[in-house]
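Notes for the structure review
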Amino acid sequence: ALNLLADMATDDGRDPAAREACLMLVRDFPTSRLAPFAAFKAAIVAIAAAAPRAAAIELDSALARWPRNPEANAMRFWAGQA
C-alpha cells in the first residue's frame, strides 16, 4: 500500500509525500521485496529536491543492507552522482 501511495503521490507531483511513503516502507517493512526499490526511489527524489547528501547517505545505507539487490548498480551510480 505504501508503494502505491508513493506512486500516486509522484503522479500528482507531490514528491515530498512520495519520498515520505518510500521512507516509511523502508523503515516499517525492511524485509519487503519492495523495500530496496523504495529506498532507491526516496533517494532519487532527494537528489531531485537538491538534497544530495541525504541521497548519498540513504543509497550507501541501502547498498549495505541489500548488496545483491537488482537495484544495486543503479544505487552505486546515483550514490556516486550524489
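On a predicted model such as this, the values are computed, not experimentally measured, just so you know. (Residues numbered from 1 in each chain as written. Predicted model: local features only at pLDDT ≥ 70, side-chain atom pairs only at ≥ 80, totals over all residues. Heavy atoms only, no water.)

**Regarding the environment of Ser61**
With respect to the secondary-structure elements, Ser61 resides in helix α4 (residues 52–65). Assessed through its relative accessible area of 43%, Ser61 is described here as partly exposed. Expressed as a C-alpha distance, the spacing of Ser61 and Ala39, which sit 22 residues apart in the sequence, is 9.0 Å. (Helix = DSSP H or I, 4+ residues; strand = E, 2+ residues; numbered from the N terminus. Buried < 20%, exposed > 50% of the residue type's maximum accessible area, 1.4 Å probe, protein only.)

**Focus: the packing of aromatic side chains**
Enumeration according to the criterion identifies 2 aromatic pairs in this entry. Between Phe77 and Trp78 the ring centres are 5.1 Å apart and the planes differ by 90°, which places this aromatic pair in the edge-to-face class. For Phe77, a relative accessible area of 45% corresponds to the partly exposed category. (Phe/Tyr/Trp six-rings, centres within 6.5 Å; stacked < 30°, edge-to-face > 60°.)

**Points about helix α5 (residues 72–81)**
An α-helical segment advances 3.6 residues per turn. Residues three or four places apart therefore align on the same side. By the burial criterion, the buried members of α5 are Ala72, Met75 and Ala79. The arc enclosing the buried residues of α5, seen along the axis, measures out at 55°, which places them on a common side. Opposite its buried face, α5 presents the exposed residues Asn73, Gly80 and Gln81, each directed more than 90 degrees away. Where α5 is buried, its residues contact α3 (35–48) and α4. (Arc of directions from axis to C-beta. Contact = heavy atoms within 4.5 Å.)

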